[in-house]
Amino acid sequence: MLMIGDLAKRTGTKVNTIRFYEGIGLMPEAVRTSGGRRTYGEAEVRQLGFIRHARELGFSVEEIRSLIALSANPDRDCHEAGAIARRHLASVEDRITRLIAMRDALSDATRACDGGKMADCRVMEAITTLPTSR
């Protein structure tokens, strides 16, 4: 059994983050020793690893919660998990498109910046007219 500090080191997750995930129900509530210390096993190491990787890929807490719930039924069709991943992929692709447009607009503005007056500054104009994420 691992203590919370050991789980944190093993998974590269902060102790407060582990407590947070327990608090919101992404991680199961830890088994406690008679002294009240949290303990974890290999199942929790795997689940926390999944959560960390999913967060790094940009999945929301609710998407992760849904995927974890789906994985609780190993014989279930994985269509729903695929649908979650496809929706997330579409969101990532949309963000990439917006980021490319932002990069191009900023690149054009910085190339056109000739050091003139602020009233005519292309950088300021580009930032004002850049597409936003919302």
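Caption draft 1: Up close: the overall build of the chain. Summing up its helical and strand segments, the chain has 6 helices and 3 strands in all. Sequence-ordered secondary structure for the chain, helices as α and strands as β, is β-α-α-β-β-α-α-α-α. The globule rule puts the C-alpha radius of gyration for 134 residues at 14 Å, and the 22 Å found for the chain is more than 25% above it. Based on the C-alpha atoms only, the size of the chain along its principal axes is roughly 70 × 40 × 20 Å. Taking all 134 residues of the chain together, the buried fraction comes to 25%. Of all intrachain contacts in the chain linking residues separated by at least 6 positions in sequence, the fraction that spans at least 24 positions is 46%. In the structure as shown, the chain presents an accessible area of about 9,300 Å², 56% of it carried by carbon and sulfur atoms. In the chain, the 21 positive side-chain charges and the 18 negative ones have mean positions that sit 6 Å from each other.

Caption draft 2: The arrangement of the side chain of threonine 39 in detail. Position of threonine 39 among the secondary structure elements: in strand E3 (residues 38-40). For threonine 39, the residues in contact, after removing those within four places along its chain, are Met1, Leu2, Met3, Ala30, Val31, Arg32 and Thr33.

Caption draft 3: The nonpolar core, seen in detail. Counting 20 residues, the largest nonpolar core has Leu7, Ile18, Tyr40, Ile51 and Ile64 as the members making the most contacts within it. Looking at this core, the elements that each hand over two or more residues are helix H1 (4-11), helix H2 (15-23), helix H3 (42-56) and helix H4 (61-71). The contacts of leucine 7, once residues within four sequence positions are left out, are Leu2, Ile18, Tyr40, Val45 and Leu48.

Caption draft 4: Just the packing of aromatic side chains, in detail. Evaluation of the coordinates by the stated rule reveals 1 aromatic pair. With a centroid separation of 5.9 Å and 50° between ring planes, the pair formed by phenylalanine 20 and tyrosine 21 is classed as tilted. Overall, phenylalanine 20 belongs to the partly exposed group, its relative accessible area being 45%. For tyrosine 21, a relative accessible area of 8% translates into the label buried.

Caption draft 5: Expanded view of the confidence of the model for the chain. Put simply, the chain has an average pLDDT of 90, and 97% of its residues get 70 or more. The secondary structure element of the chain with the lowest average pLDDT is helix H6 (residues 122-129), at 75, and the one with the highest is H2, at 96.

Caption draft 6: View of the sheet that holds strand E2 (residues 31-32). Strand order in this open sheet of 3 strands is E1-E3-E2, and the pairing throughout is antiparallel. Where the open sheet ends on each side, the last strands, each with one partner, are strand E1 (2-3) and E2. In this sheet, E3 lies alongside E1 in antiparallel orientation, the contact comprising 2 bridges. Paired with methionine 3 across the strands is threonine 39, a residue of E3.

Caption draft 7: Spotlight on the packing of helix H5 (residues 79-112) against H6. Two numbers describe how H5 lies on H6: the axes approach to 8 Å, and their chain directions differ by 165°. Considering their axes alone, H5 and H6 lie roughly antiparallel with respect to each other. Taken as a pair, H5 and H6 cross one another with a handedness that is right-handed. Contacts between H5 and H6 involve Ala105, Leu106, Ala109, Thr110 and Ala112 from the first element and Arg122, Val123, Ala126 and Ile127 from the second. Taken together, the residues of the contact of H5 with H6 break down into 7 nonpolar, 1 polar and 1 charged.

Here is what the cut-offs are and how they apply
Residues numbered from 1 in each chain as written. Predicted model: local features only at pLDDT ≥ 70, side-chain atom pairs only at ≥ 80, totals over all residues. Heavy atoms only, no water. Helix = DSSP H or I, 4+ residues; strand = E, 2+ residues; numbered from the N terminus. Rg over C-alpha atoms; globule rule 2.2 N^0.38 Å. Buried < 20%, exposed > 50% of the residue type's maximum accessible area, 1.4 Å probe, protein only. Contact = heavy atoms within 4.5 Å. Areas by Shrake-Rupley, 256 points an atom, 1.4 Å probe, with all protein chains shown as cover. Lys, Arg positive; Asp, Glu negative; His and termini not counted. Charge placed at Lys NZ, Arg CZ, Asp CG, Glu CD. Core = buried A, V, L, I, M, F, W, Y, C linked by side-chain atoms within 4.5 Å. Phe/Tyr/Trp six-rings, centres within 6.5 Å; stacked < 30°, edge-to-face > 60°. pLDDT = per-residue confidence, 0-100. Pairing = 2+ DSSP bridges. Axes fitted to C-alpha atoms, helices over the stretch in contact; angles between N-to-C directions. Parallel < 35°, antiparallel > 145°, perpendicular 65-115°, else oblique. Left-handed = near helix turned anticlockwise from the far one by under 90°. Nonpolar A, V, L, I, M, F, W, Y, C, P; charged D, E, K, R; others polar.

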